[in-house]
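# Geometric and topological summary
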Amino acid sequence: MSAHRDARCRGPYGGEGHQADGTDCSDPAVFEVARHGRPSLPVCPVHLGPALLMASRILWPPVIRLIARPTTPTAPGPHAR
């Protein structure tokens with residue numbers, strides 16, 4: 001699982017190389033979505049739903065793996081009530 005900790009989100013379209021338009025999310029990937037004939041698509045929680053609808057060659061029914069735990073703040077910010 002250590003190799004997945006540094007994975008970055010490639011959602012929502014899953015483009016690679018020069019076709020990476022719309023994949024500028026720099027959040028860490030939390031899920032990996034299986035695709036037919038292509039590498040699995042790492043996505044953050046925000047792009048999981050859109051990736052299932054718009055990414056190319058997503059298996060149906062979808063195969064989704066948890067590859068990391070979402071990070072949560074440890075202490076409330078200065079404006080928390």
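Everything below is about the structure shown above.
Please read these numbers as outputs of a predicted model, since none were measured by experiment. (Residues numbered from 1 in each chain as written. Predicted model: local features only at pLDDT ≥ 70, side-chain atom pairs only at ≥ 80, totals over all residues. Heavy atoms only, no water.)

What follows deals with the sheet that holds strand β2 (residues 38-43). Ordered in space as β2-β1-β3, the three strands form an open sheet in which the pairing is antiparallel. At either end of the open sheet lies a strand with only one pairing partner, and these are β2 and β3 (64-66). Sheet twist, expressed as the mean angle between neighbouring strand axes with direction ignored, is 25°. Packed on one face of the sheet, helix α2 (residues 45-54) meets β1 (31-35), β2 and β3 and runs near 140° to β2. (Pairing = 2+ DSSP bridges. Helix = DSSP H or I, 4+ residues; strand = E, 2+ residues; numbered from the N terminus. Axes fitted to C-alpha atoms, helices over the stretch in contact; angles between N-to-C directions. Contact = heavy atoms within 4.5 Å.)

With that out of the way, let us pick up the pairing of β2. Pairing analysis gives four bridges linking β1 to β2, with the strands arranged antiparallel. Note on β2: the bridge partner recorded for Val33 is Leu41. Hairpin connection of β1 to β2: two residues between the antiparallel strands, including Gly37 at a positive phi of 70°.

This part covers the nonpolar core. With twelve residues, the main nonpolar core is built from Cys9, Cys25, Val30, Phe31, Val33, Leu41, Val43, Cys44, Leu48, Ala51, Ala55 and Ile58. Elements that contribute at least two residues to this core include exactly β1, β2 and α2. (Core = buried A, V, L, I, M, F, W, Y, C linked by side-chain atoms within 4.5 Å. Buried < 20%, exposed > 50% of the residue type's maximum accessible area, 1.4 Å probe, protein only.)

Treat this as a map of the structure, not an account of what it does.
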